[in-house]
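# Structure at a glance
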Amino acid sequence: MTNNYFDIKRELLNIALKRTNDRISMIASALETARDSSTDDTKSSAGDKYETSREMIQQDINRYQKQLLEANKDLQQLLHIESVLNSETDVARVGTLVQTNVALYFIATSIGAVKIGDSNIFVISPLAPIGQLLIGKKIGDSFVFNNIDQKVDAIY
C-alpha cells in the first residue's frame, strides 16, 4: 500500500460512487419495470386476481422507491465526502480512513471490503455498528467490536 492516503481515499470514494450510481441505475430500472407491469396488468386482468396482482406490484414499487431514496441519500453523502476528502483531521469522521491494530476502515457508505494493493479496506457506513464506534475516536483511543479490542493507530 502506498503512503499517499489521500490517493487511497480518492480511489475508495470513486469505487463507492460507482457502486452507488450502479445501484441507483438498477433500482430505477426495476422501478420502471414494475410500473410498466402495473400498467400492463391494469389492461389485462379482472376480478380478485387483478387486485392481488396489483397489490403485489404496488408493494414492489413501494420497496423500489424506498431503496432508491436510500441510495440517493448514500450518493449525497458521498458527494459531501468528496468536498472534504483532502482535509486533515485528528478525529474519525465521515470521509476519514481509520487504521486500527486490527483493520483499516473508510467511513463513507456501506459497500464492504475493498482490496487496494495488498490491503483490504472496509468501507463502512457511519450508521453501522463499527462506524458508530469509530466516529469521534482519536489516535490512541480504544474500543471493543465483536469482542475484539481495537486501538486507533492512525487517522487520515
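All values reported here derive from a predicted model rather than from experimental measurement.

Next up on the list: the overall build of the chain. A tally of regular secondary structure across the chain gives 3 helices and 6 strands. Dimensions of the chain, computed from C-alpha atoms along their principal axes, come out at roughly 65 × 30 × 25 Å. Across the 156 residues that make up the chain, the buried fraction comes to 37%. Sequence-distant contacts, at least 24 apart, represent 57% of the contacts inside the chain between residues at least 6 apart. Each charge class in the chain was averaged separately, 17 positive and 20 negative side chains, and the resulting centres sit 2 Å apart.

Time to look at the sheet that holds strand 4 (residues 119–124). Strand order in the open sheet made by the 6 strands is 3-4-2-1-6-5, with mixed pairing throughout. At either margin of the open sheet sits one strand with a lone partner, and together these are strand 3 (112–116) and strand 5 (142–145). Put simply, the sheet's adjacent strands are angled 40° from each other on average, direction ignored. Alignment of strand 3 against strand 4, held across 5 bridges, turns out to be antiparallel. Note that in strand 4 the partner of alanine 113 across the bridge is phenylalanine 122.

Take unusual backbone geometry next. Positive phi values are uncommon outside glycine, yet asparagine 146 reaches one of about 55°. By secondary structure assignment, the location of asparagine 146 is in the loop between strand 5 and strand 6 (148–155). Of note, the phi angle at asparagine 147 is positive, near 60°, even though the residue is not glycine. Following the sequence through the fold, asparagine 147 ends up in the loop between strand 5 and strand 6.

If you look at the biggest cluster of nonpolar residues, it comprises 28 residues, and the most contacted ones within it are Leu12, Leu97, Phe106 and Ile121. Where this core is concerned, the elements lending two or more residues are helix 1 (5–44), helix 2 (47–84), strand 2 (104–107), strand 3 and strand 4. Per-element tally for this core: the top contributor is helix 1, with 10 residues.

One can find isoleucine 155 in strand 6. Overall, the relative accessible area of 9% leaves isoleucine 155 in the buried class. In sequence terms isoleucine 155 and isoleucine 81 are 74 residues apart; their C-alpha atoms lie 15 Å from each other. Contacts of isoleucine 155, omitting those with residues within four sequence positions, involve Thr89, Asp90, Val91, Ala92, Thr96, Leu97, Lys137, Lys138 and Ile139.

Conventions and cut-offs
Residues numbered from 1 in each chain as written. Predicted model: local features only at pLDDT ≥ 70, side-chain atom pairs only at ≥ 80, totals over all residues. Heavy atoms only, no water. Helix = DSSP H or I, 4+ residues; strand = E, 2+ residues; numbered from the N terminus. Buried < 20%, exposed > 50% of the residue type's maximum accessible area, 1.4 Å probe, protein only. Contact = heavy atoms within 4.5 Å. Lys, Arg positive; Asp, Glu negative; His and termini not counted. Charge placed at Lys NZ, Arg CZ, Asp CG, Glu CD. Pairing = 2+ DSSP bridges. Axes fitted to C-alpha atoms, helices over the stretch in contact; angles between N-to-C directions. Core = buried A, V, L, I, M, F, W, Y, C linked by side-chain atoms within 4.5 Å.

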